[in-house]
Amino acid sequence: MKMILRWFPFGDDSVTLPQIRQIPGVSGVATCLPAVPVGEVWPRETLAGLKKEINEAGLEMEVIESVNIHEDIKKGLPSRDRYIENYRQTLRHLGEAGIKCLCYNFMPVMDWARSDLAHPLPDGSTVLSYRHDQVTQMNPARIAESMASKARGYSLPGWEPERLSAMASDIEFYKSMSRDDYWKNMKYFLDAVVPVAEERGINLAIHPDDPPWPLFDLPKVISNVENIRTFLDLNPSRANGLTLCTGSLGANRQNDLPALIREFAGRGRVHFAHIRNITYRGEVDFDESAHLSECGSLDMYAIVRAFHDSGFSGYIRPDHGRMIWGERARPGYGLYDRALGTEYLLGLWEAIDKGARPGTGV
Ligand code: DNO
């Protein structure tokens, strides 16, 4: 297992590489090239320059989060082949840059959604929160506006400005598409990119839908044990795997996270873990919370233990943290609470690991 932190390059992050280097137990970062328009090839020179910068700071660049997928691929339009070819070329460049794991998502129109990016908690911190009625009462453009207004000037991953203008018409488009066709488009994409990923030694790790239920009637397909099984069977290669995000999948109370982890990590199909806690505020409402079990509704010990017992050897990152101690950062991605979360997760891991090996435990 390797512990990493998400980091945004080219000055679009309040957190610096030297700061990340000082978090005990963190070996590298998950990063991206935010300036490349969705669908275009990621240039090998830019990747090489970024790798050099990260390596010189004493950290590894083995994970990318994310190379977003052009909407034409999800829609199955004839133009998809050009974008898929670009994706294949990007994978080759990522391989040359030493990337081992690529996190991406196949959510239509929008990535994650929240109703508030600075919801106050009783301890004086703020967190991302989700109130289903508020989200569904807004149209996507209003959600985007409201999220951007609380983003403190940082870009919001997955809410790139170029996607926003087409949102309303894209939502209309998907109304006429069956779930079956959506799966077919996913398989078409996977069958084209998985062989290149295999050849370049990259594990693909799809991120679950966040929240894990349909919004605006859009198809949502990576949200529970059944549809994840279906997804993995679309292309049986080990390189076709998952980012197991406990906060996303955990938002649906029906999802038994430890069981899910044991099944999919046990099959060697989880390559990346996003570990965070949430507090249920209703059937489909939640606040994000500090990582500690007692701060939220998820049992973090059971989660980390399920990863450990499954022989998980991929990457883990603490996921969104609270905004604490007066920090001003991209919502969810400050330094302080993610550093606290990292140490807590590493502490759980060490205790479980030593307990599991006779003679080294308590
Ligand atoms: C939100 C993140 C997502 C994730 C993408 C992967 O904070 O978890 O934006 O990076 O879904 O493509």
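As shown above, the structure is provided for reference.
On a predicted model such as this, the values are computed, not experimentally measured, just so you know.

All right, on to the overall build of the protein then. In terms of regular secondary structure, the protein is built from 14 helices and twelve strands. Taken over C-alpha atoms, the radius of gyration comes to 19 Å for the protein, in line with the 21 Å a tight globule of 362 residues would show. Projected onto the principal axes, the alpha-carbon positions of the protein cover approximately 60 × 45 × 40 Å.

Strand order in the open sheet formed by four strands is E5-E6-E11-E10, with antiparallel pairing between adjacent strands. The open sheet is flanked by strand E5 (116-120) and strand E10 (277-280), the only strands paired with a single partner. Pairwise comparison of adjacent strand axes, ignoring direction, gives a mean angle of 40° for this sheet. Judged from the three bridges that link them, E5 and strand E6 (residues 126-130) form a sheet pairing that is antiparallel. Looking across to E6, one finds that histidine 119 is bridged to valine 127.

For the rest of this paragraph, the subject is the site of the ligand. Around the ligand sit Glu65, Ser66, Cys103, Tyr104, Asn105, Asp111, Trp112, Pro157, Gly158, His207, His274 and Gly332, and that is every residue in its neighbourhood. A per-class count over the shell around the ligand returns four nonpolar, six polar and two charged.

Positionally, threonine 136 belongs in helix H5 (residues 132-137). By the C-beta count within 10 Å, which is 14 here, threonine 136 ends up partly exposed. As for threonine 136 and leucine 215, which are separated by 79 residues in sequence, their C-alpha atoms are 7.1 Å apart.

With four of five residues buried, strand E1 (residues 2-6) is to be regarded as a mostly interior element. In the sheet, E1 pairs with strand E12 (residues 315-318) via two bridges, with the strands oriented parallel. By the bridge assignment, methionine 3 is partnered in E12 with isoleucine 316.

What follows is about the sheet that holds strand E8 (residues 240-245). Sheet architecture is closed into a barrel: eight strands sit in the order E1-E2-E3-E4-E7-E8-E9-E12, paired in parallel fashion. The sheet shows a mean angle of 30° between the axes of neighbouring strands, taken without regard to direction. Relative to strand E2 (residues 26-31), E1 runs parallel, the two sharing four bridges. Bridge pairing in E2 places methionine 3 opposite valine 26.

Quick look at unusual backbone geometry now. Of the consecutive residues glutamate 65 and serine 66, the connecting peptide bond is found in the cis state with omega at -5°. With omega at 5°, the peptide bond leading from aspartate 210 into proline 211 counts as cis. Mapping proline 211 onto the fold places it in the loop between strand E7 (203-206) and helix H10 (225-234). Unlike most non-glycine residues, phenylalanine 10 shows phi in positive territory, near 60°. Considering the arrangement of structural elements, one finds phenylalanine 10 in the loop between E1 and helix H1 (17-21). For phenylalanine 10, a count of 13 C-beta atoms within 10 Å gives the class partly exposed. Of note in the backbone geometry, valine 109 takes a positive phi value of approximately 65° without being a glycine. If you trace the backbone, valine 109 turns up in the loop between strand E4 (101-104) and E5.

Here we come to the packing of helix H12 (residues 257-266) against helix H13 (residues 300-309). One way to put it is that H12 packs onto H13 with a least axis distance of 9 Å and a crossing angle of 15°. Judged on the interaxial angle alone, H13 and H12 are roughly parallel. For the crossing formed where H12 meets H13, the hand is right-handed. Seen from H12, the contacting residues are Leu257, Pro258, Ile261, Arg262 and Ala265; seen from H13, they are Ala302, Ile303, Ala306, Phe307 and Asp309.

A separate point is the environment of proline 34. Tracing the sequence through the fold places proline 34 in the loop between E2 and helix H2 (44-56). For proline 34, a count of 13 C-beta atoms within 10 Å puts it in the partly exposed group. Spatially, the C-alpha atoms of proline 34 and arginine 322 are 24 Å apart, while their sequence positions differ by 288 residues. Discounting residues that sit within four places of it in the chain, proline 34 has contacts with Phe8, Asp12 and Ser155.

Counting residues in hydrophobic clusters, the biggest one holds 90 residues, and the most contacted among them are Val29, Ile64, Cys101, Leu102 and Ile202. With seven residues, the single largest contributor to this core is helix H9 (residues 179-200). Ignoring any residue separated from it by four or fewer positions in sequence, one finds cysteine 101 in contact with Glu62, Val63, Ile202, Asn203, Ala205, His271, Phe272, Gly314 and Tyr315.

Across its 22 residues, H9 extends 31 Å between first and last C-alpha, which sits within 8% of the 32 Å expected from 1.5 Å per residue. Approximately 30° is the largest bend angle found in H9, and it occurs at valine 193, with the proline proline 195 only one to four residues beyond. Tyr182, Asn185, Met186, Phe189, Leu190, Val193, Val194 and Ala197 are the residues of H9 that are buried. Contact partners of the buried residues in H9: helix H3 (71-75), helix H4 (80-96), E7, H10 and E8. Taken from the residues just after H9, glycine 201 is the one with a positive phi, measuring 70°.

The next point concerns H2. The periodicity of an α-helix, 3.6 residues per turn, causes residues three or four places apart in sequence to face the same way. Counted at 1.5 Å a residue, the expected span for H2 with its 13 residues is 18 Å, and the 18 Å between its end C-alpha atoms agrees. All buried positions along H2 are accounted for by Leu47, Leu50 and Ile54. Within H2, the buried residues cover an arc of 65° as seen down the axis, which keeps them to one side. Every exposed residue of H2 that faces more than 90 degrees away from the buried side is listed here: Glu45, Lys52 and Glu56. The elements touched by buried residues of H2 are H1, E2, strand E3 (60-65) and H4. Taken from the residues just after H2, glycine 58 is the one with a positive phi, measuring 85°.

What counts as what
Residues numbered from 1 in each chain as written. Predicted model: local features only at pLDDT ≥ 70, side-chain atom pairs only at ≥ 80, totals over all residues. Helix = DSSP H or I, 4+ residues; strand = E, 2+ residues; numbered from the N terminus. Rg over C-alpha atoms; globule rule 2.2 N^0.38 Å. Pairing = 2+ DSSP bridges. Axes fitted to C-alpha atoms, helices over the stretch in contact; angles between N-to-C directions. Near = placed C-beta within 6 Å. Nonpolar A, V, L, I, M, F, W, Y, C, P; charged D, E, K, R; others polar. Buried ≥ 20, exposed ≤ 12 C-beta atoms within 10 Å, placed from the backbone. Parallel < 35°, antiparallel > 145°, perpendicular 65-115°, else oblique. Left-handed = near helix turned anticlockwise from the far one by under 90°. Contact = placed C-beta atoms within 7 Å. Core = buried A, V, L, I, M, F, W, Y, C linked by C-beta atoms within 7 Å. Expected span 1.5 Å × (residues − 1). Bend = angle between axes of the 7 residues up to and from the residue. Arc of directions from axis to C-beta.

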